Amino acid sequence: MADIKSISMIEKKAHFTPWSEENFEDSLKAKHLSKIFSLNQIIQGYFIASHVLDECELLNITVKVDSQKMGLGSFIFEHFLTCCEAMKIKDIFLEVRKTNHAAIQLYEKFGFNEMSIRKNYYKAKFGREDAILMGLSL
């Protein structure tokens, strides 16, 4: 990932519990699958995923707040799936906040199904919030 500081600023504006710069650096060191999407040399979004053999876990997908609701999330997600297919990934997993309805709709649009619930997984404004574990077999 080219500009971790810029990505970190996007992350902080987009998420209640954002990744730190160190999280992004660790992902780079681990050689996770990642891609940045820019328009006119301004970062608009990105994804990061870990993969082992024929399984992949989407760790982070983010669209810059002022670029949301324009179809960029679908574009990025579709590119992520294309990368997985090219790598011969068979199963993809991800976790999403139970209240993140826009993300859940996006994942369902691409065929992901709920697999289980992780109770009290995420920090929330008032306490904790469940995570939905979703999966897709390619």
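Residues numbered from 1 in each chain as written. Predicted model: local features only at pLDDT ≥ 70, side-chain atom pairs only at ≥ 80, totals over all residues. Heavy atoms only, no water.

Caption draft 1: The overall build of the protein, seen in detail. Each helix and strand counted, the protein has four helices and six strands in total. Listing every helix and strand of the protein by position from the N terminus yields α-α-β-β-β-α-β-α-β-β. The C-alpha atoms of the protein give 15 Å as radius of gyration, which agrees with the globular expectation for 138 residues (14 Å, within 12%). When its C-alpha atoms are laid out on the principal axes, the protein stretches across 40 × 35 × 30 Å. The 138 residues of the protein split such that 41% are buried. Within the protein, contacts between residues at least 6 apart in sequence are counted, and of these 53% link residues at least 24 apart. When the accessible surface of the protein is summed, it comes to about 8,500 Å², and 53% of that surface belongs to carbon and sulfur atoms. Here the protein contributes 18 positively and 18 negatively charged side chains, and the mean placements of these two sets differ by 4 Å. (Helix = DSSP H or I, 4+ residues; strand = E, 2+ residues; numbered from the N terminus. Rg over C-alpha atoms; globule rule 2.2 N^0.38 Å. Buried < 20%, exposed > 50% of the residue type's maximum accessible area, 1.4 Å probe, protein only. Contact = heavy atoms within 4.5 Å. Areas by Shrake-Rupley, 256 points an atom, 1.4 Å probe, with all protein chains shown as cover. Lys, Arg positive; Asp, Glu negative; His and termini not counted. Charge placed at Lys NZ, Arg CZ, Asp CG, Glu CD.)

Caption draft 2: Structural context of the nonpolar core. Membership of the largest hydrophobic core comes to 28 residues, with the highest contact counts inside it found for Phe47, Leu58, Phe77, Phe80, Tyr107 and Phe112. Those elements that provide at least two residues to this core are β1 (33-39), β2 (42-52), β3 (55-63), α3 (72-86), β4 (91-97), α4 (101-109) and β6 (127-137). Of the residues forming this core, the biggest block, seven residues, is contributed by α3. In this structure, Ile10, Trp19, Ile43 and Tyr46 belong to the second largest nonpolar core, which totals eight residues. (Core = buried A, V, L, I, M, F, W, Y, C linked by side-chain atoms within 4.5 Å.)

Caption draft 3: Layout of the packing of helix α1 (residues 4-14) against helix α2 (residues 21-29). One can describe the packing of α1 onto α2 by two numbers: an axis separation of 9 Å at closest approach and a directional angle of 125°. Compared by their axis directions, α1 and α2 come out oblique. The handedness of the crossing between α1 and α2 comes out as right-handed. In this structure, α1 uses Ile4, Lys5, Ile7, Ser8 and Glu11 to contact α2, whose residues at the interface are Glu21, Phe24, Glu25 and Leu28. The class makeup of the residues in the contact of α1 with α2 is four nonpolar, one polar and four charged. (Axes fitted to C-alpha atoms, helices over the stretch in contact; angles between N-to-C directions. Parallel < 35°, antiparallel > 145°, perpendicular 65-115°, else oblique. Left-handed = near helix turned anticlockwise from the far one by under 90°. Nonpolar A, V, L, I, M, F, W, Y, C, P; charged D, E, K, R; others polar.)

Caption draft 4: How the structure looks around the environment of Asp3. Along the chain, Asp3 turns up in the segment before α1. Take Asp3: its relative accessible area is 33%, and that puts it in the partly exposed class. Along the chain, Asp3 and Tyr46 lie 43 residues apart, while their C-alpha atoms are 11 Å from each other. Side-chain polar atoms of Asp3 contact the side chain of Ser6, separated by 2.6 Å. (Polar contact = N/O pair within 3.5 Å; in protein donor to acceptor, adjacent residues only side chain to side chain.)

Caption draft 5: Fine view of the pattern of salt bridges. This structure, assessed with the given rule, holds five salt bridges. A salt bridge links Glu95 to Arg118, with the shortest nitrogen-to-oxygen separation between them at 1.8 Å. A residue pair is termed long-range when its members are at least 10 positions apart, and Glu95 in strand β4 and Arg118 in strand β5 (residues 113-124) qualify at 23 residues. A relative accessible area of 32% places Arg118 in the partly exposed class. A salt bridge links Asp130 to Lys119; its shortest N-O distance comes to 3.4 Å. Remark: Lys119 occurs in strand β5 and Asp130 occurs in strand β6; sequence separation between them is eleven residues. (Salt bridge = Lys/Arg side-chain N within 4 Å of Asp/Glu carboxyl O.)

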